[in-house]
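Examining the three-dimensional arrangement
Below are the chains, spelled out letter by letter.
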Amino acid sequence: MFRGRPRFSFVLFAAFTLLAIYFSAEARASIFGTVRGIVHDTQHRPIEGATIELRAKLSDWRHSAVSDSEGGFQIDAVPAGAYILLISHDGFRSAEVGIVVAANTAPLRHFPLELATVNQKIEVRADAVNIDPTSSTSSATVTRAEILEAPGATRTNSLEFITDYTPGAYMVHDQLHIRGGHQVSWLVDGIPVPNTNIAANVGAQFDPKDIDVVEIQRGGQSAEYGDRTYGAFNVIPKSGFERDREAELVATYGSRHSTDSQLSFGDHSERFAWYASVSGTRSDIGLMPPEPREFHDNNDGLGVFTSLIFNATPKDQVRFAGSARGDYFQIPNTFAQQQIGMRDVERERDVFGNLSWLHTLNSGVLFTVAPFFHWNRAAYDGYLPSSGATLDGTPITTDHNDSHYEGATANLAVTRGRHNARVGFYGFAQQDDSFFRVVNTDGSVSPSPQQSEPHGSLFSAFAEDQLRLTDWLTFNGGLRYTHFSGGIVEDKTDPRLGMALHLPKLNWVFRASFSRFFQAPPLTTISGPLLDSTGSGFLPLHGETDEQREFGLAIPVRGWTLDFSSFQTHALNFFDHDALGSSNIFLPLTIERARIHGWETTVRSPRIKNRFDVFLTYSNQMIEGAGVITGGLISDPGQLCGSGGFCYLDHDQRNTLSTGFHVALPWHAFLSGRLGYGSGFLNGDGPQHLSDHTEFSLSLGKSFGENFNVNFTAENLGDSRYQIDNSNTFGGTHWNYPREISGGIRYRFHF
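The structure contained in this document is the topic of the report that follows. Predicted model, so just to flag it, every value in this text is computed and none were measured.

This part covers the state of the cysteines. In a disulfide, the sulfur atoms of two cysteines are held together by a covalent bond. Per the counting criterion, the structure on display carries 1 disulfide. Through a disulfide, cysteine 641 is tied to cysteine 647; the S-S separation comes to 2.0 Å. With the S-S dihedral at roughly -80 degrees, the linkage between cysteine 641 and cysteine 647 falls on the left-handed side. Classification of cysteine 641 by relative accessible area gives buried; the value is 3%. The exposure class of cysteine 647 is partly exposed, given its relative accessible area of 21%.

Set out below in structure tokens:
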């Protein structure tokens, strides 16, 4: 990988010839939903023989159906996203309805048609249907158009497309947190990419420029979505259906010699679609610095991605998604560390793939099977300064960890009448290869390095049903059994219960859910002289068990969507992490108890006058822990909270707000803005918190024809500087990023 030198900003595309496809696979949840409904006249009499055509808004994907004698129709295996539904019948006005399809959902919608005047048919455009009246899950859908418009959201190492649109989501010590926890699931094409070492990596899982749609679930997840309590991000990548033998070049350059560029290709026929990209990025500032001024903070990365879809028969579809990434991070220094020559680095590699086969047995019955593979490597290397001394005798540390995951998943989904049921299993084997080394610089004898190769496995089986008891009341219920084997063996059976109450005239949807989760622990272990030298202990890690209760209300108003949620999460063996001695090696630990209480709101507007839209997310939450350290690294066997009881955890922030807008300007230009506010994270051991902070970012772009546009982005426009936290991940204290200004081009051409 590159070593952060500015000249590489101009030659990243030289690596594009290295395009390589890494095959492997993994799976569990689906990206598919079912579109079904009843076509009737204004007197609610069914209309037989109506023609229904479903078209994707952002690609050439389409499917058709005809209503039966009861006016009913059903279209299975519809990828999640935004669609236009066109309904027509002789003698009636045609209807055009915008709908949003979510994975694993099958709401039954009613579509009334009005009588047409003689020899005249009038198209009626209805507001988009954005709220699923049968779901008890708190969720949101973000499209590639929104990612393109949000300031900085397309950067490879950016998670703005998550934090902008998800209440209670923020970045602390270079890690994504949501609803107070670290444990989240990343899925690609509905297939999870397993990673039990969440806190070990800071590099991106994949490039946001490859995303077509992402579904964000943060509460009330179904039994199929597994065991990550705090959030699930289901990424549907670009498929090639949105292109016709087209390539796209994206190139950016900005302050601190930053560049973020990509070259992608795509094409499709009636049965086959493909998409492939290669991307490169570098900057003089990669990780959050420990002081307002950054030292030794370069990063660079290179990645490839591909997506393939083949409709082998009308009833069989095969999908493959694969990615390979490499990232290099210099660990930021304080001024004093820079002066003595500290030069620690982190190198990361990530390869994943999933291969899934979807078979339609008959109408409403889908079978999916998929194998998987994921390889992840995080290598932290500490370097002894040329002077042979470090600040306060800090040891020089090395921490390398390779994790391999192989497994398979299969599920059967049946959508019939009032039922939308699924049953399936998911399992993987994990092999780690870990190396720890500490070189003492205080004159004491350095302990022997530790090499370990822990193994583990996980198997889960689930069954669930979405039962539409009446047209206004839906019950969601399921069970998930999980068997984990590693340093310990655990078996858990967790219920997932929910309900959705739809008020027909208002179209309000009340939801409630009760869920239990088991989150498998990392396989990390440490012992012997290396551990003794730190004066710490290490206990086997237990899985985190969580219980979550949630109530919510979704309100549609003239195309606006207002969503409110109140939740409580109670955890045993809450997953966190701590430093090994005074080093920069970070090992997981579990806290005896944790509780997270909060409420949150989301507001999304329609496109007003076809030009202007706004969004807002707000969260008020409290994150506390209690008891003792029950597993992992134990440097202090006493109570977590000095006075006993509960105390705030380091990533507690009471108020978090994100709001933004997008406006289409004359002459094919646009302007987007985002304001982010936080009330401040815990200051040291608390209970005081750091000062509140606000950032504003702006993006301006203009198109020249259909194939060429330019854009300018200013992140943290006011250059406000503040301390985010002073926890001990990657060295301790972290400050926010300074103002970053960049310009870019996007050029599409045929090949």
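This next bit is on the pattern of salt bridges. If you walk through the whole model with that rule in mind, you get 34 salt bridges. Note that aspartate 260 is salt-bridged to lysine 209, the shortest N-O span being 2.8 Å. Linking aspartate 260 in strand S17 (residues 259-268) with lysine 209 in the loop between strand S13 (191-192) and strand S14 (211-219), this pair joins segments that are 51 residues apart in sequence. The same class applies to aspartate 260 as to lysine 209, namely buried. What you see here is one network of salt bridges that share partners, running through Arg179, Arg218, Arg511, Glu550, Asp563 and Glu600.

Here we come to the sheet that holds S13. The strand order S9-S14-S15-S12-S13 describes an open sheet built from 5 strands, whose pairing is mixed. A single partner strand is all that each edge strand has here, and the edge strands are strand S9 (138-143) and S13. Two strands pair when backbone bridges link them, and S9 and S14 are joined in this way by 6 bridges, in the antiparallel orientation. Across the sheet, residue threonine 141 finds its bridge partner in S14, namely glutamate 215.

The side-chain alternation of strand S7 (residues 108-113) yields one buried face, formed by Arg109, Phe111 and Leu113, and one unburied face, formed by Leu108, His110 and Pro112. Pairing of strand S1 (residues 32-41) with S7 involves 6 bridges; the strand directions are parallel. Looking at S7, one finds that isoleucine 38 is bridged to histidine 110.

Once that is clear, we can look at the packing of aromatic side chains. Scanning the entire structure with this criterion turns up 23 aromatic pairs. Taken together, Phe372, Tyr405, Tyr426 and Phe428 form an aromatic cluster joined through their ring pairs. Taking the ring centre of phenylalanine 646 as reference, the NZ or CZ of arginine 595 above it sits at 3.9 Å. In this structure, lysine 702 packs its charged tip against the face of phenylalanine 704, placed 5.0 Å from the ring centre.

Turning our attention to the sheet that holds S7. One open sheet accounts for 3 strands, arranged S4-S1-S7; its pairing is mixed. Each end of this open sheet is capped by a strand with a single partner; those strands are strand S4 (72-79) and S7. When strand polarity is set aside, the average angle formed by the axes of neighbouring strands in this sheet is 30 degrees. In this sheet, S4 lies alongside S1 in antiparallel orientation, the contact comprising 6 bridges.

Next up on the list: the pairing of strand S12 (residues 185-188). Burial along S12 is two-sided: the residues Ser185 and Leu187 and Trp186 and Val188 are all buried. Summarising the sheet, S12 and strand S15 (residues 232-237) pair through 4 bridges and their orientation is parallel. Following the sheet pairing, leucine 187 is matched in S15 by asparagine 234. Note that S12 and S13 share 2 bridges and pair antiparallel. Opposite leucine 187, over in S13, you have proline 192 as the bridge partner. Adjacent in sequence and paired antiparallel, S12 and S13 are bridged by 2 residues, among which aspartate 189 carries a positive phi angle near 55 degrees.

Quick look at the side chain of aspartate 432 now. Mapped onto the elements of the fold, aspartate 432 is located in strand S24 (residues 419-439). Of the side chains bearing the opposite charge, arginine 377 lies closest to the buried aspartate 432, which forms no salt bridge; the N-O distance is 11 Å. Engagement of the side chain of aspartate 432 in a polar contact is seen with the side chain of glutamine 430, the distance being 3.0 Å. Those residues in contact with aspartate 432 that sit more than four places away from it in its chain are Asn197, Asn401, Asp402, Ser403, Ser452, Glu453, Pro454 and Leu523.

On to a nonpolar patch on the surface. Side chains of Phe272, Phe310, Val318, Leu355 and Trp357 sit close together on the surface and give an oily, nonpolar patch of about 390 Å² of accessible area. Following the sequence through the fold, leucine 355 ends up in strand S21 (residues 345-362). Exposure remark for leucine 355: the relative accessible area of 38% places this residue in the partly exposed category.

This next bit is on the environment of phenylalanine 436. With respect to the helices and strands, phenylalanine 436 occurs in strand S24. The spatial distance from the C-alpha of phenylalanine 436 to the C-alpha of histidine 400 is 6.7 Å, given a sequence separation of 36 residues.

The biggest cluster of nonpolar side chains holds 43 residues, and the ones touching the most others in it are Ile162, Trp186, Val214, Phe233 and Phe574. Excluding residues that lie within four positions of it along the chain, isoleucine 162 makes contacts with Ala169, Leu176, Trp186, Ile216 and Phe233. Counting 22 residues, the second largest nonpolar core, distinct from the first, contains Ala56, Val78, Phe92 and Val97.

Now for unusual backbone geometry. The backbone phi angle of asparagine 610 is positive, close to 60 degrees, even though this residue is not glycine. By the element assignment, asparagine 610 lies in the loop between strand S33 (586-604) and strand S34 (612-634). With a phi angle near 60 degrees, histidine 668 is a residue other than glycine that sits in the positive phi range. When you line up the elements, histidine 668 lands in the loop between strand S36 (655-665) and strand S37 (669-678).

Tracing the chain through its elements places phenylalanine 241 in the loop between S15 and strand S16 (246-254). When its relative accessible area of 9% is taken as the criterion, phenylalanine 241 is described as buried. Beyond its immediate sequence surroundings of up to four residues, phenylalanine 241 is in contact with Ser59, Asp60, His268, Ser269, Ala273, Ile309 and Asn311.

Positionally, threonine 601 belongs in strand S33. Classification of threonine 601 by relative accessible area gives buried; the value is 9%. In this structure the side chain of threonine 601 is engaged in a polar contact, spanning 3.2 Å, whose partner is the backbone oxygen of aspartate 563.

About the thresholds
Per chain, residue numbering runs from 1 following the sequence as it is written. Per-residue local features of the predicted model are confined to residues with pLDDT of at least 70, and side-chain atom pairs are confined, for both listing and counting, to 80 or more; whole-chain, interface and lining totals are unaffected and use all residues. Excluding hydrogens and water, the side-chain values take into account all heavy atoms of the structure. A pair of cysteine sulfur atoms is labelled a disulfide when the two atoms are within 2.5 Å. Buried means the residue's accessible area, taken with a 1.4 Å probe over protein chains only, is under 20% of the maximum for its type, while exposed means over 50%, and partly exposed covers the values in between. By convention in these notes, a salt bridge is any Lys or Arg side-chain nitrogen within 4 Å of a carboxyl oxygen on Asp or Glu. In this description a helix means any DSSP run of H or I spanning at least four residues, a strand means any run of E spanning at least two, and both kinds are numbered starting from the N terminus. Strand pairing is assigned whenever DSSP identifies at least 2 bridges connecting the two strands. Side-chain rings of Phe, Tyr and Trp (the six-membered ring for Trp) are treated as a pair once their centres are within 6.5 Å; stacked means planes under 30 degrees apart, edge-to-face means over 60, and tilted covers the remaining angles. A positively charged side chain is recorded as over a ring if its NZ (Lys) or CZ (Arg) lies within 6 Å of the ring centre. The angle to the ring normal must also be within 35 degrees. For helices, the fitted axis covers only the stretch in contact; all axes are lines through C-alpha atoms, and the angles between them, taken along N-to-C directions, range from 0 to 180 degrees. Positive charges are assigned to Lys and Arg, negative charges to Asp and Glu, while His and the chain termini are left out of the count. We define a polar contact as two N or O atoms separated by no more than 3.5 Å, with the added condition that, inside protein, one atom must be a possible hydrogen donor and the other a possible acceptor, whereas residues neighbouring each other in sequence contribute only through side-chain atom pairs. Contacts are assigned to residue pairs that have any heavy atoms within 4.5 Å of one another. Like charges within 9 Å and nonpolar side chains (Val, Leu, Ile, Met, Phe, Trp, Tyr) within 5 Å are joined into patches, using only residues over 30% in relative accessible area that form no salt bridge. Per-residue accessibility takes into account occlusion by the displayed protein chains alone, with areas from the Shrake-Rupley method and a 1.4 Å probe. By convention a nonpolar core is built from buried Ala, Val, Leu, Ile, Met, Phe, Trp, Tyr and Cys residues, the set being connected through side-chain atoms within 4.5 Å.

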